[in-house]
Amino acid sequence: EESSLQKEGEAMARMTRGIPSSALHGGGVTTGMRSSTNRIIRRSNPSSLPSRCSRTRVKASHEEALTKKKARGWEPRRAWFSSKLAGTRDMHVGSSSGNDLAEVTTPLDSVSVVLLAGGVGKRMGAKLPKQYIQLGGKEIALYSFEVFANMDHVGEVIVVCEEEWESLFKGVGIGKPLKFARPGKERQDSCFNGLQMAREGASLVAIHDSARPLLKAEDALACFNDAMQYGAAVLAVPVKSTIKEVDKDSMLVVRTPERATLWDVQTPQVMKPDLLRKGFDKVKAEDLEVTDDVSIIEQLGEPVRITVGDYYNIKLTTPEDLQLAESVLT
């Protein structure tokens, strides 16, 4: 750029050769040319480029102007786009209204966590139940157990497990109440047993699979806040693959649901205790079988909020899942 400007300056100098200096320095008819020539020469001469101090002043002035614009509600295009994108990631399930309520936060020390750790895990093909297999030098169940134990919003942890495994959790030495319940025949029975141990006055009950060791505390907290606001919430991620509904007898495709409406549900699944108890009353009275916890709330016709989770929050079911989890942890 310096070379180009220098050549342009020399060309202009040749053009003005022979013009009286009075014309170049004050003569009205050539004022425009003089102005242009001065600009070029000034930029071409390194010694006449803006100093570091002047550039600093310009930068400071620019930053001051940005600060004032932000104070008036302006935001950078990238931030604006990100906020709009984030807004599209939220969904209602089972709610007739798409209008958001005022944001509600979860009180500290108010959540009763029910950690399901009583499964057998036959598909893992291991001698131990999968949640007690070591991963990275620690039992799988202890990863999420410690996540909840270190959250200020959690007031107690209730582990649903066989008696022989209680010492594993007691050995961690968490700084909040630790309770135990026994597993039931089905998942919903284990959840019910854990719910009976929840303390009176808990704001929420959060049910989590101990075979999901990669849970992030910030995702759990986001789910807590959604449940406080809507009554029930569950972590989930949009499905990536096309899903087919198939007739189980003929194995013929019945239909292809719209992928944009399908979410892969995870845990924790969080709800207000009274709502969950009411749901269990209905499930037991009508002898219903549900495969996840928020389905109990759906049976009441109540809304369940989807909280966008993380694809790494997988349930370890097969040896391949163990390899994936270990690669994430390392």
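Being a predicted model, the structure only gives us computed values, none of them experimental.

Rules and cut-offs
Residues numbered from 1 in each chain as written. Predicted model: local features only at pLDDT ≥ 70, side-chain atom pairs only at ≥ 80, totals over all residues. Heavy atoms only, no water. Buried < 20%, exposed > 50% of the residue type's maximum accessible area, 1.4 Å probe, protein only. Helix = DSSP H or I, 4+ residues; strand = E, 2+ residues; numbered from the N terminus. Pairing = 2+ DSSP bridges. Axes fitted to C-alpha atoms, helices over the stretch in contact; angles between N-to-C directions. Parallel < 35°, antiparallel > 145°, perpendicular 65-115°, else oblique. Left-handed = near helix turned anticlockwise from the far one by under 90°. Contact = heavy atoms within 4.5 Å. Nonpolar A, V, L, I, M, F, W, Y, C, P; charged D, E, K, R; others polar. Arc of directions from axis to C-beta. Phe/Tyr/Trp six-rings, centres within 6.5 Å; stacked < 30°, edge-to-face > 60°. Lys, Arg positive; Asp, Glu negative; His and termini not counted. Salt bridge = Lys/Arg side-chain N within 4 Å of Asp/Glu carboxyl O.

Colleague: Go over the pairing of strand E11 (residues 263-271), please, and point to the residues and values.
Modeller: Taken across its nine residues, E11 has seven buried, putting it largely inside the fold. Two strands pair when backbone bridges link them, and strand E7 (residues 204-209) and E11 are joined in this way by three bridges, in the antiparallel orientation. Each bridged residue has a counterpart across the sheet, and for Ile 207 the counterpart in E11 is Gln 269. In terms of strand pairing, strand E8 (residues 232-238) meets E11 through six bridges, oriented antiparallel.

Colleague: Account for the packing of helix H8 (residues 187-195) against helix H10 (residues 273-285), naming residues and giving values.
Modeller: Packing of H8 against H10 leaves a shortest axis separation of 11 Å and a crossing angle of 140°. Considered as vectors, H8 and H10 are oriented oblique to each other. Where H8 crosses over H10, the handedness of that crossing is left-handed. Every residue of H10 that contacts H8 at Gln 188, Cys 191, Phe 192 and Leu 195 is listed here: Leu 276, Arg 277, Phe 280, Val 283 and Lys 284. For the contact of H8 with H10, the residue count by class is six nonpolar, one polar and two charged.

Colleague: Which residues make up unusual backbone geometry, and what are the values?
Modeller: The amide bond that connects Thr 267 to the next residue, Pro 268, takes the cis arrangement and shows omega of 15°. Structurally, Pro 268 is set in strand E11. We note that Asp 109 has phi near 60°; this positive angle belongs to a residue other than glycine. In this structure, Asp 109 sits in the loop between strand E1 (91-93) and strand E2 (111-116). Judged by relative accessible area, which is 41%, Asp 109 ranks as partly exposed. In the Ramachandran plot, Asp 287 falls in the positive-phi region, its phi being about 55° despite a non-glycine side chain. Residue position: Asp 287 is located in the loop between H10 and helix H11 (294-298). Look at Asp 287 and you get exposed, because its relative accessible area is 69%.

Colleague: Outline H8, supporting the account with residue identities and numerical values.
Modeller: Inspection of H8 places Gln 188, Ser 190, Cys 191, Gly 194 and Leu 195 among the buried residues, and these make up the whole buried set. For H8, the buried positions fall inside an angular range of 160° around the axis, keeping them on one side. At its buried positions, H8 is contacted by E2, strand E5 (154-160), strand E6 (178-181), E7 and H10.

Colleague: Outline the packing of aromatic side chains, supporting the account with residue identities and numerical values.
Modeller: Two aromatic rings, taken as a pair, are described by how far apart their centres are and by the angle between their planes. Within this structure, the stated rule accounts for four aromatic pairs. With 3.9 Å between their ring centres and 10° between their planes, Tyr 132 and Trp 165 make a pair best called stacked. Of this pair, Tyr 132 sits in the loop between E2 and strand E3 (134-135) while Trp 165 sits in the loop between E5 and helix H7 (166-170); the two residues are 33 residues apart in sequence, bridging distant segments of the chain. By the burial criterion, Tyr 132 is buried, and Trp 165 matches it. Relative to Phe 169, the ring of Tyr 132 lies with its centre 6.4 Å away and its plane at 70°, an arrangement referred to as edge-to-face.

Colleague: Tell me what's going on with the side chain of Asp 226, and back it up with residues and numbers.
Modeller: Among the structural elements, Asp 226 can be located in helix H9 (residues 217-230). An unpaired buried charge is present at Asp 226: no salt bridge exists, and Arg 305, the closest side chain of opposite charge, is 4.0 Å distant. Apart from residues no more than four positions distant in its own chain, Asp 226 is found in contact with Gly 231, Ala 233, Arg 305, Ile 306 and Thr 307.

Colleague: Before we move on, could you go through the pattern of salt bridges and cite the residues and values that matter?
Modeller: Overall, the coordinates contain twelve salt bridges when judged by the stated rule. Glu 156 serves as the salt-bridge partner of Lys 179, at 2.9 Å between the closest nitrogen and oxygen. Linking Lys 179 in strand E6 with Glu 156 in strand E5, this pair joins segments that are 23 residues apart in sequence. You can call Lys 179 partly exposed: its relative accessible area is 24%. Its relative accessible area of 1% is what places Glu 156 among the buried residues. The residue Arg 277 makes a salt bridge to Asp 274 at a minimum N-O spacing of 3.4 Å. Placement of the pair is Arg 277 and Asp 274 together in helix H10, with a separation of three residues, close to one helical turn. Among the ionic contacts, a cluster of salt bridges with common partners joins Arg 187, Asp 209, Arg 212 and Asp 293.

Treat this as a map of the structure, not an account of what it does.
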